[in-house]
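The residues making up each chain are set out below.
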Amino acid sequence: MYPSLFQPIRVGHLALKNRILMGSMHTGLEDQAQGFEKLAVFYAERAREGLQLIVTGGFGVNTHALGMPENAEFSTLCTPEQAERHRIITQSVHAEGCHILMQLLHVGRYDHGSGGVSPSSVISKLSNRSSLELSHEQIEQIIADHVRCALLAKDAGYDGVEIMGGEGYLINQFLAPVTNFREDGWGGDAQGRSRFPLRIVQGIRAALPENFVISFRLSLMDLVEHGSHWLEVLDLARQLEAAGVDLFNTSVGWHEARIPTVAMVVPRAAFSWAAQQLKQAVSVPVVASNRINTPEVADDLIAQGHADMVAMARPFLADPAFVRKSQAGQSSAINTCIACNQACLDRIFTRQPISCLVNPRACREWEWPIKKAEKSIKLAVLGAGPAGLACAREAAERGHRVTLFEPSIRIGGQLFLAQKIPGKQELGETLRYFESEIQRLGIELRLNTTPNVALLADFDHVVVATGVVPRRSGIAGENNAKVLDYMEALRNPRFLGERVAIVGAGPLGFDMAELLSHSKAEDGSVAAFEREWGIDQKRELRGGIKPIEIIESPRQLWLLQRSKLPMGKTLPTTTGWIRRNKLKNKSARLFNDVKYIHIDDNGLHLRIGGEQRCLSVDNIVVCAGQESHNPWSARLEAHNIAHTVIGGARDAHQIDATRAINEGAELGRKL
Ligand code: SF4
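Since this is a predicted model, take the numbers as computed values, not measurements.

The rules behind the values
- Residues numbered from 1 in each chain as written.
- Predicted model: local features only at pLDDT ≥ 70, side-chain atom pairs only at ≥ 80, totals over all residues.
- Heavy atoms only, no water.
- 1 Å grid on protein atoms, 1.4 Å probe; cavity = no way out; pocket = protein on both sides within 12 Å on 5 of 7 lines; lining within 4 Å.
- Points joined across faces, edges and corners; volume = space filled by probe spheres on them.
- Helix = DSSP H or I, 4+ residues; strand = E, 2+ residues; numbered from the N terminus.
- Near = heavy atom within 4 Å.
- Sits in = over half its atoms within 2 Å of the grid points.
- Nonpolar A, V, L, I, M, F, W, Y, C, P; charged D, E, K, R; others polar.
- Expected span 1.5 Å × (residues − 1).
- Buried < 20%, exposed > 50% of the residue type's maximum accessible area, 1.4 Å probe, protein only.
- Contact = heavy atoms within 4.5 Å.
- Patch = residues over 30% accessible without salt bridge, like charges linked within 9 Å, V, L, I, M, F, W, Y side chains within 5 Å.
- Areas by Shrake-Rupley, 256 points an atom, 1.4 Å probe, with all protein chains shown as cover.
- Salt bridge = Lys/Arg side-chain N within 4 Å of Asp/Glu carboxyl O.
- Lys, Arg positive; Asp, Glu negative; His and termini not counted.
- Charge placed at Lys NZ, Arg CZ, Asp CG, Glu CD.
- Pairing = 2+ DSSP bridges.
- Axes fitted to C-alpha atoms, helices over the stretch in contact; angles between N-to-C directions.
- Phe/Tyr/Trp six-rings, centres within 6.5 Å; stacked < 30°, edge-to-face > 60°.
- Lys NZ or Arg CZ within 6 Å of the ring centre and 35° of its normal.
- Domains from an automatic or database assignment.
- Buried area = accessible area lost by both parts, 1.4 Å probe.
- Polar contact = N/O pair within 3.5 Å; in protein donor to acceptor, adjacent residues only side chain to side chain.
- Left-handed = near helix turned anticlockwise from the far one by under 90°.

1. Topic: empty space enclosed by the protein
- Per the counting criterion, the structure on display carries five cavities of 30 Å³ or more.
- By volume, the largest cavity amounts to about 130 Å³.
- Taken together, 14 residues make up the lining of the largest cavity; nearest its centre are Leu175, Ser228, Glu232, Val233 and Leu236.
- Breaking the lining of the largest cavity down by element, the ones donating at least two residues are helix 5 (170-175), helix 6 (190-207), strand 9 (213-221) and helix 7 (230-243).
- Ranked by the residues each element gives to the lining of the largest cavity, the list is headed by helix 7, at five residues.
- Of the voids in this model, the second largest cavity is the one considered here, and its volume is about 90 Å³.

Now the structure itself:
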């Protein structure tokens, strides 16, 4: 299966059996107690499953390289003592027949605390502070720090290093005119701006032998105004190759770019065309990245000559066995990364340990061994939504005999409905994975079935995972025929009129607004995505951007919330801005601090900014949250049947798929 993906390749002196690179990902494990032991377990499990090349998360090249120098002990590599700690990682990965590169990182002005340093003093969009302009001596020192870090990585047993030159970090800041307006030898023109990364590569290559791999993470498109021009990127790549780079791993977009690059709304492999343009200009292997999450997509883009290899990072959180399953032709058994960011990137930005929505065991492997239960029990799970599915899967994996009861005709619960939201189709992959696991593990699935208590008394334990129901709005007149709850609207959006008010602007309200404002022009293609977000494949302007095209919404929408908080404030960090911008571009009207008065045949009467108005709308969709749905606990208690309530049925407050799946899996592993 996947002949292109599993074709051998050489990277420097390394002979690899497949073309999959596990891309750099910050896990935060290194900052925890016994963090390097945990990282070793994390990487070794993925290596054991067939990976051939891993790149670690970024380690700072000096004590200030990541900001927060007080936390630098474990996240930077500056001393032989620190290098010694890494040995457990390199040895564990090598023992599984895999290679590993360490990423060298300096964040420059992406310092969340102080504003950091950069070639020129510029406001950092992440910290909102001005960065400090580096002196010539400081620049020379940072180059030397990169070389020292690479030498220490070699001592620690790494097969090479990856130099982080993309995503708007320090090297990228040197390359782009938007952050480098120096007039000395480190700026002035493209050649001057390229000097910093070239000196780093030349320094490392001079200090280390040919059999030490140098990968360079190259920004193909900065996706910011006054970023690098494409011709400059090509010229830089050729010079870096001549200086000793063995591999170009590619990236797209700075962290401050206002174009999504890794979220679910980005079509799969949307940027592989840019890797192809680089591949035509250099002779060392080129790695495509961003939104590659299935073996089919990966194999296809290699077969089409878009890249020599593919980088995937989050897909290895979702499924450590991605490579083995792909090679065995079991792609339907892969737990696919759905690019939600909810348990990985969103947690990085709030400095929490990361995991994965679809695989809560990710980054907890050392405390969550996969092992059979001492005694197999007979388990009934009531509800095949995300919590029930995760519990049933985990319990069956451990050898319990599981029967999964679902009153409707399909599995998925709220996940099934949510995949109808534009840009959330990837949720269907999670349902496909659970269907495959139900088959593999022999879970007895009883759809369209509500058991009676007598039947449940025959089980050793019952899990109540019956989920949630929509909360009512409490607005006078809410029984008017114009009013629907979000479940009704999701099931039949085409029956809604052209003017719609949405009551509640949390994640449910935004989902609904996206569904109802979706136009035929948004057909999910790469071309439509580029038009919507202003990405220029011709690369005429710097940064690879062009003006966006306004997309007409088929409906007039009002998205309303009672709270005075800014609209969308409670949405996740890495995707909330995307959702706000999408609606803004469609001229949806967003109002906070709204006082609802009543609903009648004329529409929704309310007060906005102290002014009383009536929105004469065709429909009012209530997205006012959810309430637990648990018709079982009292009956089970009355009959002394042992049971546990999980997910939204236990607590509906801020329930989402991350918590539901985590609670289900956690219970499954403890039964
Ligand atoms: Fe992928 Fe979401 Fe898991 Fe992150 S949390 S790895 S984006 S599925």
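2. Overview of the site of the ligand
- Within the structure, the ligand sits among Arg314, Leu317, Cys337, Ile338, Ala339, Cys340, Asn341, Ala343, Cys344, Cys356 and Leu357.
- Its atoms largely coinciding with the cavity grid, the ligand occupies the second largest cavity.
- For the shell around the ligand, the class distribution of residues is nine nonpolar, one polar and one charged.

3. Structural notes on helix 22 (residues 657-670)
- Look at helix 22: 20 Å from first C-alpha to last across 14 residues, which is about the 20 Å you get at 1.5 Å a residue.
- Along helix 22, 10 of the 14 residues are buried, which leaves the element largely enclosed by surrounding structure.
- Residues of helix 22 that are buried in the fold lie against helix 12 (345-349), helix 13 (386-397), helix 14 (414-418), strand 16 (461-464) and strand 27 (643-645).

4. Focus: a positive patch on the surface
- Side chains of Arg410, Lys420, Arg491 and Arg494 sit close together on the surface and give a patch of like positive charge.
- When you line up the elements, Arg494 lands in the loop between helix 17 (486-491) and strand 19 (499-503).

5. Thoughts on the pattern of salt bridges
- Under the criterion given, the structure shown has 41 salt bridges.
- Across the pair Arg440 and Glu397 runs a salt bridge whose closest N-O atoms are separated by 3.0 Å. Taken as a pair, Arg440 in helix 15 (residues 427-441) and Glu397 in helix 13 lie far apart in primary sequence, 43 residues in all.
- Overlapping salt bridges, with partners in common, bring together Arg268, Arg291, Glu426, Glu429 and Arg432 in one network.

6. Overview of the sheet that holds strand 8 (residues 160-165)
- Strand order in the closed barrel formed by eight strands is 3-4-5-8-9-10-11-12, with parallel pairing between adjacent strands. Each neighbouring strand pair of the sheet contributes to a mean axis angle of 30 degrees, computed without reference to strand direction.
- Both strand 5 (residues 99-105) and strand 8 contribute to a ladder of four bridges, which runs parallel. Residue pairing across strands places Leu104 opposite Ile163, the latter belonging to strand 8.
- Where helix 1 (residues 35-48) meets the sheet, it contacts strand 3 (20-22), strand 4 (53-60) and strand 5, and its direction lies at approximately 155 degrees from that of strand 4.
- Where helix 7 meets the sheet, its contacts fall on strand 9 and strand 10 (247-252), and the angle it forms with strand 9 comes to roughly 175 degrees.

7. Thoughts on the packing of aromatic side chains
- This model, assessed by the stated rule, comprises nine aromatic pairs.
- Residues Tyr110 and Tyr169 carry aromatic rings whose centres are separated by 5.7 Å and whose planes lie at 80 degrees to one another, so their mutual orientation is edge-to-face. With Tyr110 in the loop between strand 5 and strand 6 (117-118) and Tyr169 in the loop between strand 8 and helix 5, this pair connects stretches of sequence that are 59 residues apart. A single burial state applies to Tyr110 and to Tyr169, both of which are buried.
- Ring geometry for Phe174 and Phe196: centres 4.0 Å apart, planes at 20 degrees, overall stacked. With Phe174 in helix 5 and Phe196 in helix 6, the pair connects residues that are 22 residues apart, well separated along the chain. In terms of burial, Phe174 and Phe196 fall into one category: buried.
- Stacked on the ring of Trp632, the Lys or Arg Arg635 has its end atom at 4.3 Å from the ring centre.

8. Notes on the domain arrangement of the chain
- Segmenting the chain into domains produces domain 1 (9-367), domain 2 (378-469 + 627-670) and domain 3 (478-518 + 553-624).
- Facing the seven residues of domain 2 at the interface are nine residues of domain 3.
- Of the roughly 850 Å² buried between domain 2 and domain 3, counting both surfaces, carbon and sulfur atoms make up 64%.
- Summed over the three residues of domain 2 that lose the most area to domain 3, namely Leu417, Ile421 and Pro422, the buried surface amounts to 58% of that side.
- For the interface between domain 2 and domain 3, the tally reads one salt bridge.
- Of the charged contacts in the structure, one is a salt bridge between Asp511 and Lys424, with a shortest N-O distance of 3.1 Å.

9. Remarks on the pairing of strand 25 (residues 619-622)
- Residues Asn619 and Val621 line one face of strand 25 and the alternating positions Ile620 and Val622 line the opposite face, and both faces are buried.
- Where strand 19 and strand 25 come together, four bridges link them in parallel fashion. Opposite Ala501, over in strand 25, you have Ile620 as the bridge partner.

10. Focus on the environment of Gln439
- Positionally, Gln439 belongs in helix 15.
- Sequence spacing of Gln439 and Leu218 is 221 residues, and the spatial spacing of their C-alpha atoms is 43 Å.

11. Some thoughts on the side chain of Glu429
- Residue position: Glu429 is located in helix 15.
- Looking at Glu429, its side chain comes within polar contact range of the side chain of Arg432, at 2.6 Å.
- Among residues more than four places away in sequence, those in contact with Glu429 are Arg268 and Thr336.

12. Details of the sheet that holds strand 24 (residues 611-615)
- With antiparallel pairing, the three strands of this open sheet are ordered in space as 22-23-24. This sheet does not close on itself; its edge strands, each paired only once, are strand 22 (594-600) and strand 24. When the angles between neighbouring strand axes are averaged without regard to direction, this sheet yields 20 degrees.
- Of the pairings in the sheet, the one linking strand 23 (residues 603-608) to strand 24 comprises five bridges and is antiparallel in character. If you follow Leu606 over to strand 24, its bridge partner there is Arg613.

13. Structural notes on the packing of helix 4 (residues 136-156) against helix 6
- Running from amino to carboxyl end, helix 4 crosses helix 6 at an angle of 35 degrees, the nearest separation of the two axes being 9 Å. The handedness of the crossing between helix 4 and helix 6 is right-handed. Together, Ile139, Glu140, Ile142, Ile143, His146, Val147, Ala150 and Leu151 of helix 4 and Phe196, Arg199, Ile200, Gly203, Ile204 and Ala207 of helix 6 make up the contact between the two elements.
- For the contact of helix 4 with helix 6, the residue count by class is 10 nonpolar, two polar and two charged.

14. Side note on unusual backbone geometry
- One non-glycine residue, Glu167, adopts positive backbone phi at about 60 degrees.
- Looking at the element boundaries, Glu167 is found in the loop between strand 8 and helix 5.
- With phi around 60 degrees, Ser587 is a residue other than glycine that occupies positive phi space.
- Looking at where Ser587 falls in the secondary structure, it is placed in the loop between helix 20 (573-585) and strand 21 (589-591).

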